[in-house]
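Summary of the model geometry
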Amino acid sequence: MKRFFRTAAIALTCALAVLALVACASQPTGEAAMFKAGTYTGSAAGKNGTVTVKTTFTATAIKSVEVIKHGETPGISDPAIARVPASIVKNQTLAVDVVSGVTLTSKAIIDAVADCVKQAGGSVDKLQTKAGAEKKTAGAAIEKSADVVIVGGGGAGLAAAVSAAQSGAKVVLIEKAPALGGNTIRAGGAYNAVDPDRQKAVKMTKPLLGDLKSFLGISEASVGEFGPTLKILKGQINAYLASGSDTLFDSVELHMMQTYFGGKRVDLKGNEIHGELELVRTLTTNSPKAMQWLESLGLPFKNDISTVLGALWPRTHGTTKPVGTGFIGTLSDNAAKLGVEIMLETKADELITQKGRVVGVKATKADGTKVTLKASRGVVMATGGFGANPEMRAKYNTYWPSMPLTMPTTNAPTATGDGIVMGEKVGANLVGMGFIQLMPSSHPVTGSLAGGLWGSAESQVFVNSQGKRFVNEYAERDVLASGALKQEKGLFYIICDQVTAGNPQPGAKNGWGDDIDTLIKNHDVYKADTLAGLEQQLKMPAGSLQAEIAKYNGYTDAGVDPEFGKRNFGPKLTQGPFYATPRSPSVHHTMGGIAIDTQARVLDAKGQAIPGFFAAGEVTGGIHAGNRLGGNAIADIMVFGRIAGASAAAAK
Ligand code: ADP
């Protein structure tokens, strides 16, 4: 994602909500001084980095709180940034409610204000024990009817909402968090699609050609029902080789076979799994069309093509907006224009069925108000995965030797598998539940993808704390994560030079909007003029990293990596300064879930569609099987979200 970083560094303006809230509580008079009056700046760690606040005190009150700097996910963090400072000032306490779904940001704001309280000589203890925020009271029960009810306001749910509304349906969407976006808005935003127009600018390299030719040696009989697809692909490859073209080859069949091989895995119990042929075909055939649909809705894609980590082929696209904000922003704007009713802070509890048909949803609002939603045509489940539900992860995992409850996650805290539980209760079949994707390169403490610096997959070099490589950095994510987990404390470093880091200049930001200088200051990224300097900072044996990078540069020259079999290389690492980002695997994507067909209809254990019930996105299973290719998730949620919305709108 090197290009992504470079452009994003310029284009990205971190959604820095600066909020000044002035105490409206009456100022107590005649009380003993509690604070040294004045304005103080304090900070604390949030989900993606440091959150900084400015707090003004009178002698007896917290007068105002302002969030003046943060790198939290735009959109998702907004409710916490708006509500927590206001609540602290209004209630004159640190014991305020955290905003559900934005817990880490909320806590960071509270901790940063506590930091200011200390500086002002106040008692954090007293302010923490003082009674907290207002009590919430449930309102009168709400009942609504629509053609289509959608549960979940991430990428899949919003795509379904827009598509159902475009088909003429009256749509209500409920979202349990106070903001739309789910995991989608936090995702890197990588979107895989075969795209001859943009891909024609990409040259075929020797390693890619080697990868392509390797398909010719695979027997069709060995890939089961994918045999006819492989046969077509072989014909395409032979025609391409005969043409002598030096432009990148790509086809839907190549994307299908890579998704198949990328997902074909055996778990610890010996169960083999691979993507279901027709679902994989639907994904790969429709991802270019869904991209065009998004463009027609007003989401601009960049012309650059890259290979996001674990994507295996240069067909990754990015939008011009930071991370996943473009997808969510565009879809929610269109949903609003099309009259979709969106109810935030409304959590679905169970599905309503009548004679075997799903006819609605029972939900509860954050204040306890009961909601009943009736759906005359269908309900679309789009609640995402269960990556943030440690107990559920441990219950289903059959792929990793251990799945500690404490393992961090890249996921939004709302990814708790609710839709899978609700679906199972009405007879939905669950598939591939044991297969959970770990994101190899996550922040070792927060589990976030943010807070680091690196370029496209081919240019990344992974070393352990001894300065030694341990894996082919261009491999699938499970191979990378498995390699990483074998290193001391599961920790490794991504090494870049100035070029492969995207040539960051002072004040530059990475693709998540993190200020790179701040990352370096906080030791989220290490920077040194020489590799020897990096070795010293990282306490690696003297000479180790230097020797390893010299060896790696030799492999780059030769285009062959005899140790780990890397085949696709970026530039050599020669130009200081050099950078190291500490990383560790964290839970990223739960591949299993509700069984669906190509129309996004939910299937029961006999493979029969459950009337009135549709699902899309990470809540479903069967597509990515044992390992999802990087860049296939956003394509999946857009393709199947769009289908689910149209199917539900058309349901009788
Ligand atoms: P996908 O990528 O499949 O769209 P996301 O994680 O982006 O998945 O979005 C799923 C959304 O569903 C999240 O915003 C999450 O808060 C929401 N959600 C999860 N469980 C519920 C529930 N019980 N009721 C309403 N919304 C839910």
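Residues numbered from 1 in each chain as written. Predicted model: local features only at pLDDT ≥ 70, side-chain atom pairs only at ≥ 80, totals over all residues. Heavy atoms only, no water.

1. Focus: the packing of helix α9 (residues 227-243) against helix α10 (residues 252-263)
Where α9 meets α10, the closest approach of the two axes is 9 Å, and the angle between their N-to-C directions is 130 degrees. Of the possible angle classes, the one that applies to α9 and α10 is oblique. The two elements α9 and α10 meet at a crossing, and its hand is left-handed. Contacts between α9 and α10 involve Thr 229, Leu 230, Ile 232, Leu 233 and Gln 236 from the first element and Glu 253, Leu 254, Met 256 and Met 257 from the second. A breakdown of the residues in the contact of α9 with α10 according to their chemical character gives six nonpolar, two polar and one charged. (Axes fitted to C-alpha atoms, helices over the stretch in contact; angles between N-to-C directions. Helix = DSSP H or I, 4+ residues; strand = E, 2+ residues; numbered from the N terminus. Parallel < 35°, antiparallel > 145°, perpendicular 65-115°, else oblique. Left-handed = near helix turned anticlockwise from the far one by under 90°. Contact = heavy atoms within 4.5 Å. Nonpolar A, V, L, I, M, F, W, Y, C, P; charged D, E, K, R; others polar.)

2. Thoughts on the site of the ligand
Ala 156, Glu 175, Thr 184, Asp 418 and Glu 618 are the nearest of the 25 residues found near the ligand. Interatomic distance of 2.9 Å between a backbone N/O atom of Ala 348 and a nitrogen atom of the ligand. Residue composition of the shell around the ligand, by class: seven nonpolar, 13 polar and five charged. (Near = heavy atom within 4 Å. Polar contact = N/O pair within 3.5 Å; in protein donor to acceptor, adjacent residues only side chain to side chain.)

3. Describing the nonpolar core
Counting 122 residues, the largest nonpolar core has Tyr 191 and Met 638 as the members making the most contacts within it. In terms of nonpolar packing, the next biggest core, distinct from the first, is built from 46 residues, Val 202, Leu 248, Trp 454 and Phe 470 among them. (Core = buried A, V, L, I, M, F, W, Y, C linked by side-chain atoms within 4.5 Å. Buried < 20%, exposed > 50% of the residue type's maximum accessible area, 1.4 Å probe, protein only.)

4. As for the environment of Phe 215
Summarising the element assignment, Phe 215 is placed in the loop between α8 (206-214) and α9. Sequence-distant contacts of Phe 215, defined by excluding residues within four places in its chain, comprise Leu 230, Leu 233, Lys 234, Ile 237, Leu 254, Met 257, Gln 258 and Phe 261.

5. Some details on the side chain of Lys 234
Secondary-structure assignment places Lys 234 in helix α9. Ignoring anything within four residues of it in the chain, the contact list for Lys 234 reads Phe 215, Leu 216, Ile 218, Ser 219 and Glu 220.

6. Notes on the confidence of the model for the chain
For the chain, per-residue confidence averages 91 on the pLDDT scale, and 95% of positions sit at 70 or higher. Confidence drops under pLDDT 50 across residues 1-29; counting only partners more than four residues distant or on other chains, this segment forms 74 contacts. (pLDDT = per-residue confidence, 0-100.)

7. Concerning α8
Here α8 has its buried residues at Pro 207, Leu 208, Asp 211 and Leu 212. End-on, the buried residues of α8 take up no more than an arc of 140 degrees, which puts them together on one face. (Arc of directions from axis to C-beta.)

8. Remarks on the environment of Asp 111
In this fold, Asp 111 is placed in helix α3 (residues 103-119). By relative accessible area, Asp 111 is classed as partly exposed at 41%. Sequence-wise, Asp 111 and Val 51 are 60 residues apart; in three dimensions their C-alpha atoms are separated by 9.3 Å.

9. Here's the deal with the pairing of strand β18 (residues 492-496)
If a strand is regular, its side chains alternate between the two faces of the sheet. Of all five residues that make up β18, five are buried, and the element is covered over most of its length. Judged by which residues are buried, β18 turns out to be covered on both faces: Phe 492, Ile 494 and Cys 496 on one side and Tyr 493 and Ile 495 on the other are all buried. Here β18 runs beside strand β20 (residues 578-590); their pairing, made up of five bridges, is antiparallel. Counterpart to Ile 495 in the pairing with β20 is Ala 580. (Pairing = 2+ DSSP bridges.)

10. Digging into the side chain of Thr 414
Structurally, the position occupied by Thr 414 is in the loop between α13 (390-396) and α14 (418-425). With relative accessibility at 18%, the residue Thr 414 sits in the buried group.

11. A word on the pairing of strand β14 (residues 370-381)
Of the pairings in the sheet, the one linking strand β5 (residues 142-151) to β14 comprises nine bridges and is parallel in character. Pairing of Val 148 across the sheet is with Gly 378, part of β14. Here strand β13 (residues 357-365) hands over to β14 after four residues, with Gly 368 in that stretch at a positive phi of 95 degrees. The pairing of β14 with strand β23 (residues 609-615) spans three bridges and is parallel. In the sheet register, Val 379 faces β23, and the bridge partner there is Phe 613.

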